[in-house]
Structure formats: C-alpha cells, structure tokens
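# Working through the structure, step by step
Now for the letters of each chain:
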Amino acid sequence: MTTTAPGDPTTASPDGDDRSAPAGAARPVGGAAVAFRSVVKRYAGHTALQGVDLDLAPGELVALLGPSGCGKTTALRSLAGLETVTSGRVTIDGRDVVDVPTHRRDVGMVFQAYSLFPHLTVQQNVEFGLRMRRVGRAERSTRAGDMLDLVGLGDLGGRFAHQLSGGQQQRVALARALVTRPRVLLLDEPLSALDAKVRVQLRDEIRRLQRELAITTLFVTHDQEEALAVADRVAVMRAGTIEQIGSPEELYAAPATRFVAEFVGTSNRLRAEVVDGRVRLPGHEVAAVGSPPDGAAWAYVRPEDVAFADRGLAGVVEGVSFLGAVCRSSVRTGPETLVVLDHRADERRPVGARVALAFTPASVAVAPLD
Amino acid sequence: MTTLTEGARRASSVRDGAVPTRVRRRPAAWWGLTPFALYVVLFLVVPCAIALGTGFVSSDGAPTLSGLAALGDPVVLRAFGSSALVSGVTAVVGALVGAVVCWGLTALRPDGVVRSLIDSAASVLAQFGGVMLAFAFTATIGIQGVVTQLLLTRAGVDIFAGGVWFYQVPGLLLPYAYFQVPLMVIVFMPAVTGLKPQWQEAVATLGGTARQHLFRVVVPVLAPAFVGSLLLLFANAFSSYATAAALISQGSQIVPLQIRAALVSETVLGREGVAGVLALGMVVVMVVLMTLYSLLQRRTERWQR
Amino acid sequence: MTGRSTVARRAALVVVGAVFAVPILAMVAFSLRSADGTGHDLGHWRAIVDPENERAYRNLVEGVTNSLVLAGASAALVLVLLVPAVVLVHLRYPRLVRPLEFVSLVPITVPAIVLVVGLAPVYSVVARVAGSGAWTLALAYGVTVLPYAYRAIQADLASTDLRTLAEASRTLGSGWLRTMALVVVPSLRRGLLAAAFITVAVVLGEYTIASLLNRVNLQTALVQVSRSDPFAAVIFALLALLFAFVLLVVVGRVGSIGTARPVLPGRDRARRSRTAPRKALS
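### Quick word on the domain arrangement of chain A
Residues and elements named next belong to chain A. With domains assigned, chain A is organised as domain 1 (34–106 + 182–259) and domain 2 (267–368). Computed over C-alpha atoms only, the centres of domain 1 and domain 2 are separated by 33 Å. Taken together, the four residues of domain 1 in the interface contact five residues of domain 2. The residue inventory of the side of domain 1 that touches domain 2, partitioned by class, reads two nonpolar, one polar and one charged.

Structure (structure tokens):
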C-alpha cells in the first residue's frame, strides 16, 4: 500500500499541468483540511472500514474509487456524520468531529438520486440551506439565483424536481450544496444514475466549479474513468481499506497492487521474469516499477503499449473492435493468453492473421504470482 | 453498399415465407375484450343508469324533475346530515389514528411476518368486516356486551344510563372507526413509505435539525396524501351499509338506510323513484369526493417518483 | 431513525393493537358465556355442532353453502372475464388502460347500496333467464370485486414487464393463444391467486346486494340468526373473520415469494437497488 501526500515530488506530473494542488500556497479560503485516522466501521457481522487513513488538503479533490461494497460510501458518510465510526478519528481542520452532529458540520453533500425536495421549487430547494442558517430573504434569493446561474440553470428557478431531467436535478443538488459555502463538499456517486453523455458533461462542470470555489472535495465513484478524469488524487479502495493513493497518472502508470492494476484502466497480464529490477517480457526488456524481488511474476502492460511489429511475440488475431478514437484488437498468443492492443484504424490486421507483437512501455508494473 | 442490399433481400425473403399475422390478430382481441365489455355494460353501466335515472321518472313512466323534491324533504336532509356527521367524525379519527399506526409500522421490517399479519388484518377489517363488525361491537358494548357488563359489575358504571344509544346513530361511531383506521393504514401507508431517506440526510447536511425535517419536509410532502386519504375515508363511511343495517334494524337515520327503506317499503308505490333520487344524491357526493381524491393522489404520486 | 423513536413507534403499535383486540376478545368472551350468564363454558360452541340444533341452523348452513358457491363462481368469473381483458389491454391496447382503470374505480364511486337500486330490475330479467338461485349473485359480485381484483392483477403485471416476455415469446414463434397459456398465465400466477383470494374474501363478506335482492348468503343468514341466537351469530362471525384473515395472510405471503431480494452486505449495494432508472439527456 503506497500513500503519497500532496506536495510530494512524485505527485507533480512532468509537464507541470494544473492537476496537482500546490500545498500550502495562498488560495482563496474555501476548503478545510480533512483527515481520516485509522477509521474503523463495524456493523453486526460485517466490517465496512478496516482502518482507513486519508488526508485531504484544503481545496483538493480526492476521489474514492472502488467496487460495490468496498466501503467508499461508508467513509464518505462518516465524514458527513450520517454514519458513526466504531473507532478512529475523523477531523475537519484539525478538530475531531465525532461529537458534532451532521447539521453542524458545515459540509455540503450531493447524493446519487432522489435528494431534491419534491414540494419545493428549484429556487426554494437551493435556498433551503440558507434558510436553515437564517439568512434574510433578499440575500437568500440573490445568492441562490447566482448559484443557479453558475450551474447553468438560471431560468429554471420556478420549476419542480419532477419537471427536470436527471442531469438538471443533479445540477440543482450541486447548487443547493454549494450555496452555503461549506468547508467540505461530499459527492456520493453523483453521476452514476445519469446517461453517458450527460455524465461526461456534468463531471467537467463539477471539476470547474470545484476549482473555482476551491472547496475541499471528496468524490465517491465506482467508475475509474470518472475518477481519473476529475480528481487531483485518487484513493483506490477494496474491502474496507485503501490500496493505493496517488495522482491519476501514478495510479495508471505505477499501480502498486494487482487489484489496482486490474481495476484502473485495461491491462494485459503477462507472465514475465524479473531480474535485477528489470522485467523480461517476450522480445523486450523493461524497467520495473518499484523494486520487486527476482523471479517469476505477473507483468501489467497497457494496450497502448503493445503494437504490431515485424518480430516479437507470435499470435493470431481473434477479434477487432472499432472504438472510434482507436481500434482494439485481441490477439491469442497462447492457450490461455489473449493480448489486447490499441492501434490506429489503418494499422488493423484481419481476423485470423498471424502477427507479431512488440511491447513498448517505459516501465512496467509487476505483481507476485499467487 | 452491396452488403446492405444483400441483407435487405435476405430479410424480405424470410418475411414472404412467414404466415401473415394481421388477419389472426383481430379475433384474439375480440375474444378477450368483448365478453368483458358486454359484462360491464350489463351489470355495471345499466344498473348505474337505472339507479340514477329512476329519480327522474315518475310512477307512470314520464320523465320528470319533481322527484328531486324529495331531496329537500327535512327527513332526507337530516339523514344526509347524520351521514355527513358520522362520516366526518370517523374519517378524522380514522385519519389521525391511522397516520399514527403508519408511523409505527415504519419501525417494522417491510417484508417481515408481523407486517404481513398487520396488513392482512387491516384488509379484513377495512373491507370485509361489515356485518361481522356489528356483531363484534354488540358483543363488546351492546346491552349484554362484555365491556358493558364489566363496567356495570366492576365499576358500577352504566353506559346506557341516559338511553340505549347503541342502536342509534351514535352507536355507529365506534364500529365505523374500527374499519376507518385500517382503511387509512392501507391507503396512507404508500405515501409514508415514499418518504425518501435522502431527504432527511439532505436536510441534515444543509444544517437542518430533525424537527425542521419534520415540519418543512415530511408534513408538506404528506399533506396531500393525508387529505386525500381523509376524503376517501369520508366517502367510505358515507357509502357504508352493512354495519348500519345490521345494527339498526328499523329506522333510516342515515342515507343508506333511507335507500333501504325506500326499496323495501311496500306502502307507497312510486317509492322506487325516491330510492333513485337518494342514490343520485349519494353519487353526487361520492363523485365530488373521489374527484378531489384523485387530484390529490396524482400530486402525491408525482412526488413519489 | 434513532433507537428511541423505534421504541416509541413500537409502543404506538402495541397500544393501538391492544385497543383493536378488545372487540375480538369480547366476541370470544361473549361466545364462551355459560347459559345462565354467570360463568364461562363451551356451551354455545357445542350447540353449533350438536345435531339436535340442526334445524335451527338450517338457514345458516344454506347461507354458508351459498356463499361458498358464490365465492367460487365469482372467482371463476373474474379469472375468465377480467384477466384476459386486463392482459390484452396492457399488452395490445395501451390506450385503453386509462378507461379500464376508470371502469375499475366506478364500483367505488357508485357503492353497492346505490348499485343495488339499479340491479333490482336487471335481476328480474336474470331471474326469468336463469332462475332466482343465489348463485346468480355472482354476476353482480364480479362488478363489486372489480376494484380489488383489478388492482391485484395490475400490480403483478406492472412488476413483471409482461410486454417484453410476450414479445419474446412471439418472436420465438408461438401464437397469441400459446403465449397466453405458456407465458402470460404462469407469469401472473401471483396476481391471479391474489385476485382469486380477494374475490373470495369480498364475496364472503358481502351483505348489501344479497339482502336487498332477497337472496340468502352467509351474511344475511348471520343477521337472521342473530335475531334469535346472538351467540351462534358471534361464533360464526368470528370464524368467518378468521377465515378471511388466513386467506389474506396467504395472499400476502404468496405475493412476496419470488420478490424478496437477498440482503446484501454493504450499504453500496443496498442503496444501488434504490437507484433511479437512467434519466433522459439534459
């Protein structure tokens, strides 16, 4: 299990794009620092969280990624106060919040579905949190209106929830959560119930808003593409623990465990030999990520790092899928080995053709045989 | 290009070989719908028309509006008033107690045994009790009733000291309430279970307390369903006959008993017209109530989606 | 929900339950009253099965028999007439769904006491055609149970997505009749059973139409008996209520078989089952 904190040299990607949050730099005050320390959550007969340690820097967006039942939603709800923790600490800005009830934690939350109040208009829904804080009518109206404009629903204030599409409803939910300027924003699979195209649109908007308002955000999802696209850092969870935390690039290029390698993105899993920190793939030798022990191991190679070549691992093309941006071919190289590679459409080979494959990754993640 | 036309040609050849289905379709539908439609016409539409129409036909068969004058008869008006009173009181009591029971039921597992038993008991009492509830209450607070006797012998209280009210209109209140409460549970429960847990959690994250959730979300959301159910309870009591007929063997203090008197009476010919007029009056009330109910129901369902 | 409110809710149920048990318990206590009114014994219960009293209870026996016949006939009517109509409308003529729903609500708006005013002339015709036996009431009962039976079938229909099954069956080569027999009816087993049982319960409890059309059924016989022997009336009422209760419990449990979802560990899965279906593009 590798954890990286923001500000570590490995977090910043080589071309220094704006993904990494500069730790401690002067930022507009919007977010709090959040910390989970050895958080354990036990239900009768089932442990949902088995000692979770996680830090969120102010203004950072961290995605909790994992399959159903891994505990990511439980972790989020513990931060919201909707679940109690069995042991461990959850702190916001250094203060332990175990005794603070949900309605005093100053967190904003967006649920997966069904959370808008059906008897109130969109405007009234957004004003609800301000009403709880006893903000005056004029100010409420202005702030809610501004927030609705920000999410692109400026003229829908008079509508009701059932008159809106799924994407619009989630925008209202977002506006409602953000209008009170909470210290922390919690998103519980906000896009999972939406259509694919809407999902992509909305996730970009969430990211834009989050950056603009610099709110510390915890984003729970089971969709790895979503997590990679949206987050500053991603924490991959399985069975109640965090298997790896890092920037999306790190997780993709250097998965620390077999689960992470297989969960994040598509991977080919090949038998390989590790000698002296280098991995021997058929016809190719490559540096290994980390320092695995010598011996036989599984090596993970991404489809984009495999190509048709004149010489290399021999195989027969079994299937070709046109995916728009790339073509994905599957090549059978052994009785139980099917290698998947991505290439341009004009490089395709017909089904049944004998081909040779070359592997071209800069480095390769490795996991022990078990 | 070629592949597309090839495919089309192949598909059409299959179609030519298949049995054309259009001719076969009509008979099947005919056999399914027509008998039912015929049945509904004969035993629902026609009786309704007759029931509502006899009020407008005089004893020698000529159409007339004079029958409607019966609705102005003070006896009839008093019957409508009593019906309304009994229905109103038991509807309110039933709605309030029923709502409390619904709230209590949320503490049970929805697929558990206890919940099944309660649902079935509610169904039996609400819809099929009728005559048997009259007996139940006679055995409880009738003159020889168990509770009556207990109060008399143990506590020295004679509940009939001021007169035997049990076989009059006041005696209907308890048995009616007994089937109104279960009916409320049946009708109102879907709205209560339709309250989404996300609303409570959203209120909490937005800074609201449990009380604010109750008054700002639960009450406004349940209000249309509550009022709609109340109307349904009123309509149910208003149109109820069996319990009253079993308890009040002679007398027509409420509208259904008036209709009984009109149908059974052998004294005056042309009395059927009165039954028709009474039926008409009752249906008017029911239509108003059911229309309001369905309007409120539509709003409730919209919010439950 | 906090633990405290769960206790309060259960307490409320217990209190209301106790109040509602009183009349039932009173019926039992009443029926156990001894002949001289002082103690309690099974005298009245024994009197019912005593062959000596057979003559006094003849009316009751006739009522019970008639009601059972009526229950069967009405259930058959519902299954033969209503079910095909409901299925056909939902599968083939979706535009008729609203009118059908409206028709099923009419018997609620036009209650039995009103309907019977119009049924009397209709039944004089029926009597000429089919005699004046009690079983002819089944024709009126089919209408009275319409709201309940329709709802039972329709609830099952809604949860089964019958249209897809029927289309699958048709594309696999079976005609309409075979689709009905082999696919539709087996899929709607629960709803059909529920409709049949509810019909039986309604028919057993029906009084209004039977009494005002001068027929003998269980309820009219009960009222008749109560005038001379209130104890027998109370006993039979108890038994009838119990029978209807058991019937509906069976309906309730039968309905839940096949719909129970396995309880999965973890909140994520439990909450996913409440996820909204995919919404339209925004």
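We are not done yet, so read on.
### Remarks on the interface of chain A and chain B
In this complex, chain A contributes 19 residues to the contact, which on the side of chain B involves 18 residues. Of all elements in the fold, only β6 (107–110) and α2 (122–132) of chain A reach the threshold of two or more residues within the side of chain A that touches chain B.

### Describing helix α8 (residues 197–205) of chain B
Counted residue by residue, α8(B) has seven buried out of nine residues, so it is predominantly covered. For α8(B), the set of buried residues is Q198(B), W199(B), E201(B), A202(B), V203(B), A204(B) and T205(B). Looking at the buried side of α8(B), the elements it contacts are α1 (72–80) and β6 of chain A together with α9 (210–238) of chain B.

### Some words on the sheet that holds strand β4 (residues 87–92) of chain A
All names here are of chain A. The strand order across the open sheet built from four strands is β2-β1-β4-β5, with neighbouring strands paired in antiparallel fashion. At either margin of the open sheet sits one strand with a lone partner, and together these are β2 (46–56) and β5 (95–96). Sheet analysis places β4 next to β5, joined by two bridges and oriented antiparallel. When the bridges of β5 are listed, T91 appears paired with D96.

### Side note on the pairing of strand β16 (residues 313–322) of chain A
All names here are of chain A. Direction of pairing for β16 relative to strand β19 (residues 354–359): antiparallel, over a ladder of four bridges. When the sheet's bridge partners are listed, G315 is paired in β19 with V355. By the bridge criterion, six bridges tie β16 to strand β17 (residues 327–334) in an arrangement that is antiparallel. If you follow V320 over to β17, its bridge partner there is S329.

Cut-offs applied
Residues numbered from 1 in each chain as written. Chains lettered and ligands numbered in written order. Predicted model: local features only at pLDDT ≥ 70, side-chain atom pairs only at ≥ 80, totals over all residues. Domains from an automatic or database assignment. Contact = placed C-beta atoms within 7 Å. Nonpolar A, V, L, I, M, F, W, Y, C, P; charged D, E, K, R; others polar. Helix = DSSP H or I, 4+ residues; strand = E, 2+ residues; numbered from the N terminus. Buried ≥ 20, exposed ≤ 12 C-beta atoms within 10 Å, placed from the backbone. Pairing = 2+ DSSP bridges.

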